[in-house]
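# Remarks on the overall topology
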Amino acid sequence: MKIYNSLTDKIEEFKPITPGKVTMYVCGPTVYNYVHIGNMRPVITFDMVYNYLKYLGYDVTYASNFTDVNPKIIAAAKELGITEREVADKFIKAYLDDLASYNCGEIDYRPRVIEHMEDIYNFIQALIDKDMAYEVDGDVYFRVSKVNDYGILSNQNIEELKSGARVEVDDKKENPLDFALWRKTDDGEQFASPWGLGIPGWHTECVVMINSLFGSKIDIHGGGVDLKFPHHENEIAQSMALNNNHLANYWMHNGHINVDGEKMSKSLGNFILAKDFIKEHEANVVKIAMFKTHYRLPLNFTDEVFNEAKVLNEKIMNVLKQANLQIQLEGLEVGKVKRDENIEKIMDEDFNTPNLITYLLDLVKDLNNALRKKEEFCSIYDKIGLVNQILGLKYDLLVMSDEDKKLYSEWLEYRNNKDFAKADELRNILVNKGIL
Ligand SMILES: [Zn+2]
């Protein structure tokens with residue numbers, strides 16, 4: 001399998017650290033308000049990556065965090081008149097509700113910063129001991145100039161960064177690019193660190209959670225492309241300083257979502273909350289719409305994209321419904337096909353979901369034809385099931401009771417005998433039951 005590695009800007013053969021096992025971490029939300037649909041793209045993308053790795057037979061451990069210690073949470077607590085912990089709990093719950101309504105699968109770990117405060121102190125102290133960080137008046141800063149390949153992920157060198165990036169002027173820092181690992185504060189929630197009261201820096205929180213859960217290096221680190229700099233760059237810098245590695249062997253970044261040609265963001269105000277969006281669109285439709293664009297490319301959210309996705313979703317649903325009916329009436333055996341080399345050919349090329357959707361359409365066409373011609377269709381049905389499982393598409397198919405089966409065969413009999421009045425009566429019952 002090949003993955004586009006943002007660290008090297010190359011498509012590379014995927015080789016896990018431990019054969020057969022994969023460790024994966026994706027930056028999760030800062031839980032200070034509701035997430036918008038743009039925030040759902042990394043969730044849905046890395047769910048698919050997780051599903052595909054599992055399909056290939058890897059033993060995958062996937063963690064995505066909650067950033068629950070952050071200045072944004074302190075600000076929200078003040079605004080809402082509740083504590084920081086209440087803010088975090090409220091929006092963690094809201095986020096988990098969102099995941100459920102988008103049919104996003106379970107993952108292995110959802111660590112919270114608050115559970116790792118001791119680890120954070122130890123991590124920062126280790127950097128100070130190595131002279132890679134320094135304390136000034138209750139703040140602790142990372143010494144960027146000590147890391148040789150700083151800028152490797154965002155392809156910038158220190159000089160370019162100094163002149164190009166908007167870096168805050170801070171007299172306390174030795175170098176304007178140095179970033180805070182710990183920040184002194186007397187405002188809102190504070191933690192008693194060896195350097196006094198304060199809160200940890202966001203870039204440190206993620207590295208510490210990764211190190212605590214997995215050790216010094218993981219296979220895949222993911223997130224939205226907007227996190228490349230400074231967040232991921234600074235995660236890498238700390239890992240280089242402490243463990244002499246780039247934290248992950250493969251860095252993966254999904255593109256952002258555009259609305260009318262502009263990036264969807266909280267600051268631009270052109271966002272739609274995930275919880276509102278799902279009231280208008282089914283989870284399957286959102287996923288199909290996303291997967292029709294490769295995960296690395298920006299995604300345009302237009303009515304056209306959604307209408308197309310809706311039509312496709314209905315096509316899949318209809319054919320699966322018909323096939324499911326035959327499977328149950330005839331007691332056919334399905335679920336025998338566990339792998340499909342066509343799927344692998346497509347997905348092994350850096351998760352080419354647009355081509356997988358095209359393949360899915362072909363399978364739907366084949367299944368329709370096989371049903372019409374009354375040909376054997378179980379292997380096609382199984383392959384559709386495999387694609388759906390990888391893409392996280394869920395179709396609730398009816399399980400027929402014995403009574404349902406009897407009604408169905410009676411309806412067929414009346415129809416064959418041209419007793420249309422009776423056939424229509426039964427047909428209505430079957431339609432009401434969702435069978436036809
Ligand atoms: Zn992160």
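Bear in mind the structure is a predicted one, so any value in this text is a computation, not a measurement.

## Some thoughts on the coordination of the zinc ion
- For the zinc ion, the full set of protein donor atoms is Cys27 (SG), Cys206 (SG) and His231 (NE2), at a range of 2.0 to 2.2 Å.
- Each donor residue of the zinc ion belongs to the same chain, and together they define the spacing C-x178-C-x24-H. Here Cys27 is found in the loop between strand E3 (21-26) and helix H1 (40-55), whereas its partner Cys206 is found in helix H6 (residues 202-214), with 179 residues between them in sequence.
- Judged by its relative accessible area of 11%, Cys27 is buried.
- Relative accessible area serves as the criterion here: at 1%, Cys206 is assigned to the buried category.

## Quick look at unusual backbone geometry
- For the bond running from Phe229 to Pro230, omega is 0°, close enough to zero to count as cis.
- By the secondary structure assignment, Pro230 is in helix H7 (residues 228-243).
- The backbone of Asp350 shows a phi angle near 50°, a positive value even though the residue is not glycine.
- On the secondary structure map, Asp350 appears in the loop between helix H11 (341-347) and helix H12 (353-372).
- The phi torsion at Lys374 lies on the positive side, around 55°, for a residue other than glycine.
- Secondary-structure assignment places Lys374 in the loop between H12 and helix H13 (378-391).

## Examining the environment of Gly434
- For Gly434, the position within the fold is in the segment after helix H15 (420-432).
- Considered as a pair, Gly434 and Ile73 are 361 residues apart in the sequence and their alpha carbons are 46 Å apart.

## Re the sheet that holds strand E8 (residues 191-193)
- Reading across the sheet, the 5 strands line up as E5-E6-E7-E9-E8 and stay open at both edges, with antiparallel pairing between neighbours. Looking at which strands have only one partner, the edges of the open sheet turn out to be strand E5 (133-136) and E8. Taking the axes of each pair of neighbouring strands and ignoring which way they run, one obtains an average angle of 40° across the sheet.
- Judged from the 3 bridges that link them, strand E7 (residues 180-184) and strand E9 (residues 196-200) form a sheet pairing that is antiparallel. Within E9, the residue paired with Trp182 across the bridge is Pro200.
- Here helix H4 (residues 117-129) sits on the sheet and contacts E5, strand E6 (139-142), E7, E8 and E9; the angle it forms with E7, its principal contact strand, is near 115°.

## Looking at the pattern of salt bridges
- Following the criterion strictly, the structure yields 18 salt bridges and no others.
- The salt bridge partner of Lys292 is Glu308, with a shortest N-O separation of 2.5 Å. Of this pair, Lys292 sits in the loop between helix H9 (283-291) and strand E14 (299-300) while Glu308 sits in helix H10 (residues 303-330), and the two are 16 residues apart along the sequence.
- Note on Lys292: relative accessible area 34%, which makes it partly exposed.
- A residue is classified by how much of its surface remains accessible, and Glu308, at 40% relative accessible area, is partly exposed.
- Between Lys433 and Asp404 there is a salt bridge, with the nearest N and O atoms lying 2.7 Å from each other. With Lys433 in the segment after H15 and Asp404 in helix H14 (residues 402-416), the pair connects residues that are 29 residues apart, well separated along the chain.

## Description of the pairing of strand E10 (residues 218-224)
- Burial of E10 is extensive: 7 of the 7 residues sit out of reach of the surface.
- Summarising the sheet, E3 and E10 pair through 3 bridges and their orientation is parallel. Across the sheet, the residue bridging to Met24 is Ile220, located in E10.
- This β-α-β element, E10 to H7 to strand E11 (residues 248-254), shows right-handed connectivity.

## A few points about the domain arrangement of the chain
- Per the domain assignment, the segments making up the chain are domain 1 (2-280), domain 2 (299-391) and domain 3 (402-432).
- Counting from both sides, the interface comprises 18 residues of domain 1 and, opposite them, 19 residues of domain 2.
- Counting the surface lost from both domain 1 and domain 2, the interface buries some 1,700 Å², and carbon and sulfur atoms represent 60% of this.
- Among the residues domain 1 hides against domain 2, the three largest losses belong to Met48, Tyr52 and Tyr55. Together they make up 41% of the total.
- Where domain 1 touches domain 2, the interface holds 1 salt bridge.
- Across the salt bridge formed by Lys2 and Glu349, the nearest N and O atoms sit 3.9 Å from each other.
- The interface formed by domain 1 and domain 2 includes 12 residue pairs in polar contact (both at pLDDT 80 or more).
- Mapped by element, the contributors of at least two residues to the side of domain 1 that touches domain 2 are strand E1 (2-5), H1 and strand E12 (257-259).

## Observations regarding the packing of aromatic side chains
- Tallied over the entire structure, the rule returns 17 aromatic pairs.
- Arg415 extends its terminal NZ or CZ atom over the ring of Trp411, reaching a point 4.6 Å from the ring centre.

## A closer look at the pairing of strand E4 (residues 59-64)
- Here E3 runs beside E4; their pairing, made up of 6 bridges, is parallel. Its bridge partner lying in E4, Met24 is registered against Tyr62.
- Crossover connection from E3 via H1 to parallel E4: handedness right-handed.

## Re the nonpolar core
- One finds Met40, Tyr102, Ile343, Phe351 and Leu367 to be the most contacted residues of the largest nonpolar core, which totals 87 residues.
- When residues are assigned to domains, this core turns out to be shared by domain 1 (2-280) and domain 2 (299-391), each giving three or more.
- Counting 46 residues, the second largest nonpolar core, distinct from the first, contains Tyr25, Val69, Met117 and Phe179.

## What about the state of the cysteines?
- The final tally for this structure, using the stated rule, is 0 disulfides.
- This cysteine, Cys104, is not joined by any disulfide, and Cys27 carries the nearest cysteine sulfur, 17 Å off.
- For Cys104, a relative accessible area of 11% corresponds to the buried category.

Definitions and limits used
Counting restarts for each chain, with residues numbered from 1 along the sequence as it is written. Note on the predicted model: pLDDT of at least 70 is required for a residue's local features to be given, and 80 or more for side-chain atom pairs to be given and counted; whole-chain, interface and lining totals, by contrast, use all residues. No hydrogens and no water enter the side-chain calculation; it runs on all heavy atoms of the structure. Donor selection uses N, O and S atoms within 2.8 Å of the metal (3.2 Å for Na, K and Ca). Since no water is included, sites may look incomplete. Put simply, DSSP H or I for four residues or longer makes a helix, DSSP E for two residues or longer makes a strand, and each gets a number counted from the N terminus. Only protein chains enter the calculation, and the probe is 1.4 Å; a residue is then buried if its accessible area is under 20% of its type maximum, exposed if over 50%, and partly exposed in between. Only strands joined by at least two bridges in the DSSP assignment are considered to pair. Axis lines are fitted to C-alpha atoms, over the contacting stretch for helices. Their N-to-C directions set the angle, which ranges from 0 to 180 degrees. Contact criterion: two residues are considered in contact whenever any of their non-hydrogen atoms come within 4.5 Å of each other. A pairing counts as a salt bridge when a side-chain nitrogen of Lys or Arg comes within 4 Å of a carboxyl oxygen of Asp or Glu. If you view a crossover with the strands going away from you and the path from the first strand over the helix to the second runs clockwise, you call it right-handed. Start and end points for every domain follow an automatic or database-based domain assignment. Once two parts are brought into contact, the accessible area they lose, counted with a 1.4 Å probe and summed over both, makes up the buried area. Here a polar contact is taken to be a pair of N or O atoms separated by no more than 3.5 Å, where protein atoms must pair a possible hydrogen donor with a possible acceptor and residues adjacent in sequence count only if both atoms sit in side chains. In this scheme Phe, Tyr and Trp rings, the latter by its six-membered ring, pair at centre separations within 6.5 Å, and the angle between planes marks the pair as stacked below 30 degrees, edge-to-face above 60, and tilted otherwise. Only Lys NZ and Arg CZ are tested; either one counts as a charge over a ring when it is within 6 Å of the ring centre and within 35 degrees of the ring normal. We call a set of buried Ala, Val, Leu, Ile, Met, Phe, Trp, Tyr and Cys residues a nonpolar core when their side-chain atoms join them within 4.5 Å. Criterion for a disulfide: a pair of cysteine sulfur atoms at a distance within 2.5 Å.

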